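As a plain string of letters, each chain reads:
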Amino acid sequence: MSFASTQPFNVPDIYLAELPTGAGKTAVNTLGRMIARGDFPAGATIPMEAELVGMLGVSRTVVREAIKVLSGKGMVRTARRYGTRVLPFESWNLIDPDVINWHEPSSPAATKIYRDSTKLRFIFEPEAAALAAINATTEQREIILRAAEHIRPEPYGTEGMIAADYAFHATILESTGNIMLRQMQGLILALLQFSYPTGAQAAPSEKVSRRSHIEVAEAIKAGDGETARARMSSMLEQNQLVADRIGAWDGPNIRAL
């Protein structure tokens, strides 16, 4: 493959939580986004089934399926005495990629998700990098380095950056040899897709550091677990700086070193 002419990495969808297909998927996504942006705040009762049928343009069966999915994600609860009510934010399944994807940078909980997801990544990604340095195959080490080198806005724009960034982190998780860490790939994709625009609005002058990613990749390629751990921690500290200043909103401007 020629990386000069073809985008080397693509944003996958295979790791996202499964949703119904067709009209059911559209209904779930529509209602999920409405709840996430606060159209139906915590404690509010969402419209009755007949009203949702008209609003969403779907059948009663599809509406019931959508409500069932949202209930499984901890966003709503249905009871005979009060209908379907939105649960408090703290009850939502925030490690579900769909729930994260339904939040836009302007969503009421966006800043909390950004801050807390940064802390979550601090917990497991440095150790994942150390494990990858020990367990990665030669091919995986090459993919991690190549992905790090492609974390830049040109020539593929923000989507290309997210795709390369995802390939970097997902391959590290894959190469740990730990099946539980591998299953965090969908969460990482959702967090990256959420964090790029949210972080850019929060701190528009900050840069996604390509150099920091490359330094982690080089340590992994060299099989140096301690250095890989330290460099991943250092890289995530940059995200924490953005999270600490997340109140300063001013249009997106993502660049890479």
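Residues numbered from 1 in each chain as written. Predicted model: local features only at pLDDT ≥ 70, side-chain atom pairs only at ≥ 80, totals over all residues. Heavy atoms only, no water.

Draft legend 1. Region of the structure containing the nonpolar core. The biggest cluster of nonpolar side chains holds 35 residues, and the ones touching the most others in it are Phe168, Ile172, Val216, Ile220 and Met232. At the level of secondary structure, the elements contributing two or more residues to this core comprise helix 5 (110-135), helix 6 (138-149), helix 7 (157-174), helix 9 (185-202), helix 10 (210-221) and helix 11 (225-244). For this core, the element with the most residues is helix 7, which contributes 10 residues. In this view, Ile220 contacts Ala129, Ala132, Ala133, Arg141, Ile144, Ile172 and Ala228; residues no more than four positions away in its chain are not counted. One finds Leu52, Ile67, Leu70 and Leu187 within the second-largest nonpolar core, a separate group that totals 34 residues. (Core = buried A, V, L, I, M, F, W, Y, C linked by side-chain atoms within 4.5 Å. Buried < 20%, exposed > 50% of the residue type's maximum accessible area, 1.4 Å probe, protein only. Helix = DSSP H or I, 4+ residues; strand = E, 2+ residues; numbered from the N terminus. Contact = heavy atoms within 4.5 Å.)

Draft legend 2. Expanded view of the packing of aromatic side chains. If you walk through the whole model with that rule in mind, you get 1 aromatic pair. With a centroid separation of 5.3 Å and an interplanar angle of 70°, the aromatic rings of Phe89 and Trp92 are classed as edge-to-face. Grouping residues by exposure puts Phe89 and Trp92 together as buried. Cation over ring: Arg85 sits above Tyr82, and NZ or CZ is 4.0 Å from the ring centre. (Phe/Tyr/Trp six-rings, centres within 6.5 Å; stacked < 30°, edge-to-face > 60°. Lys NZ or Arg CZ within 6 Å of the ring centre and 35° of its normal.)

Draft legend 3. How the structure looks around the pattern of salt bridges. Under the criterion given, the structure shown has 13 salt bridges. For Arg229, the salt bridge identified is with Glu127, shortest N-O distance 2.7 Å. Residue Arg229 is found in helix 11, and its partner Glu127 is found in helix 5; the two are separated by 102 residues along the sequence. Between Glu174 and Arg182 there is a salt bridge; the shortest N-O distance is 3.4 Å. Accessibility expressed as a relative area gives 30% for Glu174, which makes it partly exposed. Overall, Arg182 belongs to the partly exposed group, its relative accessible area being 36%. Put simply, Glu49, Arg60 and Arg64 are held in one network by salt bridges that share partners. (Salt bridge = Lys/Arg side-chain N within 4 Å of Asp/Glu carboxyl O.)

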